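Analysis of the macromolecular model
Each chain is listed here by its residues.
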Amino acid sequence: MDLHARRADSFGAQAEAYAEHRPDYPVAAIRWALEPLGTSERLEVLDLAAGTGKLTGVLVAEGHRVTAVEPNEQMLSELVRRVHGVRALPGHAEHIPVPDQTVDAVFVGTAFHWFDQEKALPEIARVLRPGGVLAAMWLDTDTDVAWLNDFQKVSNTSVESQRQSAVEMMAHPSFGPPEHAVFPHVHRRDSPEAAVAWINTHSRMLVIDEEERAAVNEKMLAFLRERPETSNGPFDVSLHSDVFRMVRVSE
């Protein structure tokens with residue numbers, strides 16, 4: 001199994017930690033993504049590669065009817081345990097178990113970079129109604145914050161933290177051009193240990209060996225315990241959410 005495939009398949013064993021420590025998504029970003037639909041009414045929404053439901057839960061709280069599709073059985077089980085009132089189905093972006101033209105929007109939270117776009121984009125177009133929206137969302141730390149910029153360097157591993165940007169979405173005749181917006185967000189952490197637990201849910205930490213992981217964790221903890229911003233009590237990690245949306249055109 002190559003490194004990309006190993007990283008994509010690394011989350012299931014850490015499903016509970018992923019659900020506990022990963023951040024959710026900003027409501028403002030979701031509302032912006034849905035603006036082309038021209039309504040605030042309850043919509044049929046598909047959360048594709050839904051993981052443990054970090055985005056699903058926010059979509060449900062917004063009042064939408066949500067179908068969550070996730071390939072990993074452990075992640076999907078954790079989603080069902082934590083997010084109620086959702087239809088949860090096993091499936092892949094390249095083969096979505098939903099009938100043609102039955103959803104108003106497809107959301108992808110920090111997962112579009114795992115897709116085979118040549119297969120996924122036609123499949124997403126198939127399930128969307130004309131005028132529907134594909135929204136790909138990411139969350140990144142705000143490295144304009146000095147301590148976060150330093151922490152990012154401390155948390156580096158032998159596996160790079162790069163991910164494919166949604167700017168690189170392939171052009172497809174079923175979709176209009178992508179639009180982009182950025183939204184601020186925060187991730188509350190109760191302690192340095194909680195911040196380290198969050199970083200340990202990233203694939204670049206999950207695929208390295210135990211010795212390297214222990215060394216990086218030790219460096220991260222020492223850094224956070226020494227910084228005044230993070231050494232005592234709860235603290236907020238500043239994030240931003242990159243959101244790209246494309247509208248399904250009529251054919």
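Residues numbered from 1 in each chain as written. Predicted model: local features only at pLDDT ≥ 70, side-chain atom pairs only at ≥ 80, totals over all residues. Heavy atoms only, no water.

1. Quick word on the overall build of the protein
In terms of helices and strands, the protein carries 10 helices and 7 strands. Viewed in the frame of its principal axes, the protein has a C-alpha envelope of about 55 × 40 × 35 Å. Relative to its 251 residues, the protein shows a buried fraction of 51%. The contacts of the protein with a sequence gap of at least 6 include a subset with a gap of at least 24, amounting to 78%. Counting only carbon and sulfur atoms, one obtains 48% of the accessible surface of the protein, whose full area is about 11900 Å². For the protein, the separation between the mean place of its 24 positive charges and that of its 38 negative charges on side chains is 3 Å. (Helix = DSSP H or I, 4+ residues; strand = E, 2+ residues; numbered from the N terminus. Buried < 20%, exposed > 50% of the residue type's maximum accessible area, 1.4 Å probe, protein only. Contact = heavy atoms within 4.5 Å. Areas by Shrake-Rupley, 256 points an atom, 1.4 Å probe, with all protein chains shown as cover. Lys, Arg positive; Asp, Glu negative; His and termini not counted. Charge placed at Lys NZ, Arg CZ, Asp CG, Glu CD.)

2. Observations concerning the layout of surface pockets
Looking at the second largest pocket, its volume works out to about 170 Å³. Taken together, R31, L34, E35, T39, S40, E41, R42, E62, G63 and H64 form the lining of the second largest pocket. Its residues assigned to classes, the lining of the second largest pocket comprises 1 nonpolar, 4 polar and 5 charged. (1 Å grid on protein atoms, 1.4 Å probe; cavity = no way out; pocket = protein on both sides within 12 Å on 5 of 7 lines; lining within 4 Å. Points joined across faces, edges and corners; volume = space filled by probe spheres on them. Nonpolar A, V, L, I, M, F, W, Y, C, P; charged D, E, K, R; others polar.)

3. Considerations on the packing of aromatic side chains
Scanning the entire structure with this criterion turns up 6 aromatic pairs. Judged by centre distance (5.9 Å) and plane angle (25°), the rings of F151 and F223 are stacked. Of the two residues, F151 is situated in helix α7 (residues 146-154) and F223 in helix α10 (residues 210-226); the sequence distance between them amounts to 72 residues. Here F151 matches F223 in class, with each residue buried. Here the aromatic cluster, defined as three or more aromatic residues joined through ring pairs, consists of W147, F151, F223 and F235. (Phe/Tyr/Trp six-rings, centres within 6.5 Å; stacked < 30°, edge-to-face > 60°.)

4. Here we look at the pairing of strand β3 (residues 87-90)
Where strand β2 (residues 65-70) meets β3, 4 bridges bridge the pair, whose relative direction is parallel. When the bridges of β3 are listed, E70 appears paired with P90. Handedness of the crossover is the feature at issue here: the chain leaves β2, passes through helix α5 (residues 73-82), returns alongside β3, and the resulting connection is right-handed. (Pairing = 2+ DSSP bridges. Right-handed = clockwise from strand over helix to strand, strands pointing away.)

5. Notes on the confidence of the model for the protein
Confidence in the prediction for the protein averages 88 pLDDT; 90% of positions are at 70 or higher. Contacts for the low-pLDDT stretch residues 3-8, under 50 throughout, to residues beyond four places or in other chains number 15 contacts. Ignoring residues within four places in sequence, the model shows residues 162-167, a span with pLDDT below 50, making 13 contacts including any to other chains. (pLDDT = per-residue confidence, 0-100.)

6. Considering the pattern of salt bridges
Across all of its chains, the model carries 15 salt bridges by this definition. In this structure, R227 and D150 form a salt bridge, with 3.2 Å as the shortest nitrogen-oxygen distance. You can see R227 sitting in the loop between α10 and β7 (235-247) and its partner D150 sitting in helix α7, a full 77 residues away along the chain. On the accessibility criterion, D150 (29% relative accessible area) is partly exposed. (Salt bridge = Lys/Arg side-chain N within 4 Å of Asp/Glu carboxyl O.)

7. Concerning helix α3 (residues 27-34)
Of all the positions in α3, only A29, I30, W32, A33 and L34 are classed as buried. Close packing links the buried residues of α3 with α4 (54-61), β4 (103-109), β5 (128-141), β6 (179-189) and β7.

8. Some thoughts on the packing of helix α8 (residues 192-199) against α10
With their axes 9 Å apart at the nearest point, α8 and α10 run at an angle of 145° to one another. Crossing of α8 over α10 shows right-handed handedness. On the side of α8, the interface is formed by P192, E193, A195, V196 and I199, while α10 contributes N217, M220, L221, L224 and R225. Each residue belonging to the contact of α8 with α10 can be placed in one class, and the counts come to 7 nonpolar, 1 polar and 2 charged. (Axes fitted to C-alpha atoms, helices over the stretch in contact; angles between N-to-C directions. Left-handed = near helix turned anticlockwise from the far one by under 90°.)

9. A closer look at the nonpolar core
Grouped burial of nonpolar side chains is what soluble globular proteins tend to show. In terms of nonpolar packing, the biggest core is built from 27 residues, with L48, V106, F112, F115 and L134 touching the most fellow members. Put simply, the parts of the chain that give this core at least two residues each are β1 (44-48), β4, α6 (117-127), β5 and β7. Among the elements that make up this core, the one with the highest residue count is α6 (5 residues). Leaving out residues up to four positions away in the same chain, L134 has contacts with V106, V108, F112, L121, I124, L128, M169, F175, F244, R245 and M246. I30, V83, F107 and V133 belong to the second-largest nonpolar core, a separate cluster that totals 26 residues. (Core = buried A, V, L, I, M, F, W, Y, C linked by side-chain atoms within 4.5 Å.)

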